[in-house]
Amino acid sequence: NTLSIKIGYNLSAGSPTRVWAEEKSIQLVQELLKRRDDIHIILFTIPSERKRAEQIVRHCGERVHVIPDGLGLQAVSALISKLDLLISPDTSLIHIARSFHIPVVGLYTKYMKNFLLWKPYGQDTGAVVSDHDDNIHNIPVENVVDMVQKVLAEPSIVRGK
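Scoring rules and cut-offs
Residues numbered from 1 in each chain as written. Predicted model: local features only at pLDDT ≥ 70, side-chain atom pairs only at ≥ 80, totals over all residues. Heavy atoms only, no water. Buried < 20%, exposed > 50% of the residue type's maximum accessible area, 1.4 Å probe, protein only. Helix = DSSP H or I, 4+ residues; strand = E, 2+ residues; numbered from the N terminus. Arc of directions from axis to C-beta. Contact = heavy atoms within 4.5 Å. Pairing = 2+ DSSP bridges. Axes fitted to C-alpha atoms, helices over the stretch in contact; angles between N-to-C directions. Expected span 1.5 Å × (residues − 1). Polar contact = N/O pair within 3.5 Å; in protein donor to acceptor, adjacent residues only side chain to side chain. Core = buried A, V, L, I, M, F, W, Y, C linked by side-chain atoms within 4.5 Å. Right-handed = clockwise from strand over helix to strand, strands pointing away.

A. Just helix α2 (residues 50-60), in detail. Regarding α2, the residues found buried are Arg 50, Arg 52, Ala 53, Ile 56 and Cys 60. Seen from one end, α2 has its buried residues packed into an arc of 160 degrees, which puts them on one side. Along α2, the residues that are exposed and aim more than 90 degrees away from the buried face are Lys 51 and Arg 58. Where the residues of α2 are buried, they touch α1 (22-35), β2 (39-44) and β3 (64-66). Remark: Gly 61 follows α2 within two positions and exhibits a positive phi of approximately 95 degrees.

B. Structural view of the sheet that holds strand β5 (residues 104-108). The strand order β3-β2-β1-β4-β5-β6 describes an open sheet built from six strands, whose pairing is parallel. Where the open sheet ends on each side, the last strands, each with one partner, are β3 and β6 (127-129). Neighbour-to-neighbour, the strand axes of this sheet turn through a mean angle of 20 degrees, independent of strand direction. Here α1 sits on the sheet in contact with β1 (5-10), β2, β3 and β4 (85-89), set at roughly 155 degrees to β2. In the packing of helix α4 (residues 92-99) onto the sheet, contacts are made with β1, β2, β4 and β5, and the angle to β4 comes to roughly 160 degrees.

C. Examining α1 more closely. Under the 1.5 Å per step criterion, the end-to-end length of α1 is 20 Å for 14 residues, consistent within 8% with the ideal 20 Å. Considering only its buried residues, α1 is in contact with β1, β2, α2, β3, β4 and α6 (141-153).

D. Structural context of the side chain of Thr 91. As for its position among the elements, Thr 91 is in the loop between β4 and α4. Classification of Thr 91 as buried rests on a relative accessible area of 13%. At a separation of 3.0 Å, a polar atom in the side chain of Thr 91 contacts the side chain of Ser 88. Apart from residues lying up to four places away in sequence, Thr 91 is in contact with Asn 10, Ser 12, Ala 13 and Arg 18.

E. Main features of the nonpolar core. In terms of nonpolar packing, the biggest core is built from 30 residues, with Ile 41, Ile 87 and Val 144 touching the most fellow members. Of all the secondary structure elements, the ones that give two or more residues to this core are β1, α1, β2, α2, β4, β5 and α6. Take this core: its biggest share by element is six residues, from α6. What Val 144 contacts, discounting residues up to four positions off in sequence, is Trp 20, Leu 28, Ile 87, Val 105, Leu 107, Val 128 and Ile 139. By size, the runner-up hydrophobic cluster in this structure holds 14 residues, among which are Phe 44, Ile 67, Ile 94 and Ile 96.

F. Quick peek at the pairing of β1. Buried residues dominate β1, accounting for five of its six residues. Looking at chain direction, β1 and β2 are connected through six bridges and run parallel. Within β2, the residue paired with Gly 8 across the bridge is Ile 42. Following the chain from β1 across α1 to the adjacent parallel β2, one finds a crossover that is right-handed. Judged from the three bridges that link them, β1 and β4 form a sheet pairing that is parallel. Paired with Ile 7 across the two strands is Leu 85, which belongs to β4.

As structure tokens, this is what we get:
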């Protein structure tokens, strides 16, 4: 459905310190789906973490989809280009999304030098920062949901308008 809002959610990161617990991911997806009937969530994950994504689909239902298995970075980038928003820990997917002018909600550790170097390009709103310098584990689900709503409501961010 082209009228639906397509939100990508990247479950994977290069370090366990930038990966949320499965319960938080499930809660986030459920909260987003509750907010609007026209939201579809597309889960991005590396092959070794695919079972986590499938678990979220089982908990959250038919408006949640996992990217096809075995895609290369070019195909993943093409999928990102079709999103209305991407939620991701601090990974390269944030930068790929911004290169297509896709708004992002990024999850960052408190270590500000890293954030200042790698924050989403050309987007002032959208970062959710942890209270910890070394992980994102304590970021509240509500903070991410609130930021998603804020970013989607801000016309200057959406699709680079």
